[in-house]
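Observations on the model geometry
Here is what each chain is made of, one letter per residue.
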Amino acid sequence: MRIAVIGAGAIGCLVAGYLKERDQEVTLVGHSSAVKAIKESGISISGVRGNFLVNIGISDTLNYIPDLVILATKTQDINSVLQDNSHLMQNSLLLTVQNGMQADNLVARYLSTQKIISSIVMFGATSLAPGKVVHNFEGSWVLGNFFNHKISESLLSVSLILDKAFPTVISEDIKGAKYLKVFVNANNCLPAIIGKSMQEVFSDLSISQISIAIWKEAFRIIDKVGIDLVSLPGFPVGNITKLTSLPVELAAQFFSQQMSTLSKEPLYGSILQSIMRGNLSEIDYINGEFVRLAEENSMPAPINKVLVDMVHEVEKSGRFFSKEDLIQKTKDFI
């Protein structure tokens, strides 16, 4: 397959780099700063698989008809990317990798649903600078059909290609799995609010208690709405149900231990990485998804609403909150 990876951030560069290393025909599409850096120096990957330097073609627009498009932009950038490039994708397969639940619906405005493959990234990466990426931890790449439960030939063929870079898993209910991934990502807002790494943030038990409160509120919402969560590789649904059934203090201790040892390198999460680059984050598609579900079903979602508003304040002001501010604003919901 001729593969175009659109989005030269952490995941886009990591995926493109590893596929290129495994002799796949891959090109990147990115912003001008990434184009300049990668044309001059290639993609530099460090982390759990060692250090790599990958030379790869990159441009600021898609200029050919690919067989497969890996859409590695943030959800909020999908419309602009497809407005500019969808005329070259009508006969291509397109793989979404975004967090949250809305990416596939947004893509379906431009392409046939039969051409869209949904995916969940379970590996972690951090963008240090344009073209420089740390691969923080390993994980599977979960693929499925967002619009029905069929396992098509195109889904199987794409899984075989991507398996060259990361172990692929096919899910028959990727919607339920994606909702569980929203839970996994929901605590990324806390490092983004304080402006510190996950390891620093979640080593504090008071902040880990906020994480448990986020999950408890979100679990009440999706349970009331009737959404069935589906386990992910390495992250069964039981991880949520067990922790949310424990007293907050005890659950926070388990959560803190897990998160503090997730990666040897500093982990910042996708929301903070966007803010550090001066971009809007995907908070409305993560914690905001729980707020949206609650509002549509006349339910309260106070802690997730407060955290969404705090992230937006950081985006607008460029100033992070203190740990004490965060604890004060959420103390009534724990």
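In the block above lies the structure referred to throughout.
Residues numbered from 1 in each chain as written. Predicted model: local features only at pLDDT ≥ 70, side-chain atom pairs only at ≥ 80, totals over all residues. Heavy atoms only, no water.

**Topic: the overall build of the protein**
Let me state the cut-off plainly: Labels follow the DSSP assignment, with helices taken as runs of H or I lasting at least four residues and strands as runs of E lasting at least two, numbered in each case from the N terminus. Taken over C-alpha atoms, the radius of gyration is set against a globule rule of 2.2 Å times the number of residues to the power 0.38. When a residue's accessible area, from a 1.4 Å probe over protein chains only, is under 20% of the maximum for its type it is buried; when over 50% it is exposed; and in between it is partly exposed. Contacts are residue-level and defined by heavy atoms, with any inter-residue pair within 4.5 Å sufficient. In these tables, accessible area is a Shrake-Rupley quantity obtained with a 1.4 Å probe, and a residue counts as shielded only by the protein chains included in the view. We score Asp and Glu as negative and Lys and Arg as positive, and we do not count His or the chain ends. To locate a charge, take NZ of a lysine, CZ of an arginine, CG of an aspartate or CD of a glutamate.
Secondary structure summary: the protein contains 15 helices and twelve strands in total. Here the C-alpha radius of gyration of the protein, 19 Å, is about what a compact globule of 334 residues would show, namely 20 Å. For the protein, the C-alpha atoms occupy an extent of roughly 55 × 40 × 35 Å along the three principal directions. Buried positions account for 54% of the 334 residues belonging to the protein. The long-range share in the protein, meaning contacts at least 24 apart out of those at least 6 apart in sequence, stands at 71%. Surface exposure of the protein reaches about 14400 Å², of which carbon and sulfur atoms provide 49%. On the protein, the mean spot of the 29 positive side-chain charges and the mean spot of the 32 negative ones are 1 Å from each other.

**A word on the pattern of salt bridges**
Note that side chains of opposite charge can pair when their charged atoms are close. Test applied: A pair is scored as a salt bridge if a Lys or Arg side-chain nitrogen falls within 4 Å of a carboxyl oxygen belonging to Asp or Glu.
With the rule as written, the count across this model stands at nine salt bridges. In this structure, the salt-bridge partner of Glu296 is Arg292, at a minimum N-O distance of 2.8 Å. Placement of both Glu296 and Arg292 in helix α13 (residues 287-296) is noted, with a separation of four residues, approximately one turn of the helix. Owing to a relative accessible area of 53%, Glu296 belongs among the exposed residues under this scheme. Between Lys305 and Asp309 there is a salt bridge whose closest N-O contact spans 2.9 Å. One end of the pair is Lys305 and the other is Asp309, both in helix α14 (residues 302-317) and four residues apart, which spans about a single turn. Linked through salt bridges whose partners overlap, the residues forming this network are Glu289, Arg292 and Glu296.

**A closer look at the nonpolar core**
For clarity, the threshold we go by: Nonpolar cores are built from buried Ala, Val, Leu, Ile, Met, Phe, Trp, Tyr and Cys residues. Side-chain atoms within 4.5 Å join them into one set.
Counting residues in each nonpolar core, the largest one holds 60 residues, and the members touching the most others are Phe183, Leu190, Leu307 and Leu326. For this core, the element with the most residues is helix α9 (residues 205-225), which contributes nine residues. Once residues within four sequence positions are removed from consideration, Phe183 is found in contact with Trp215, Ala218, Phe219, Ile222, Leu229, Ile240 and Phe290. Membership of the second largest hydrophobic core comes to 39 residues, among which are Ala10, Leu14, Ile58 and Ile161.

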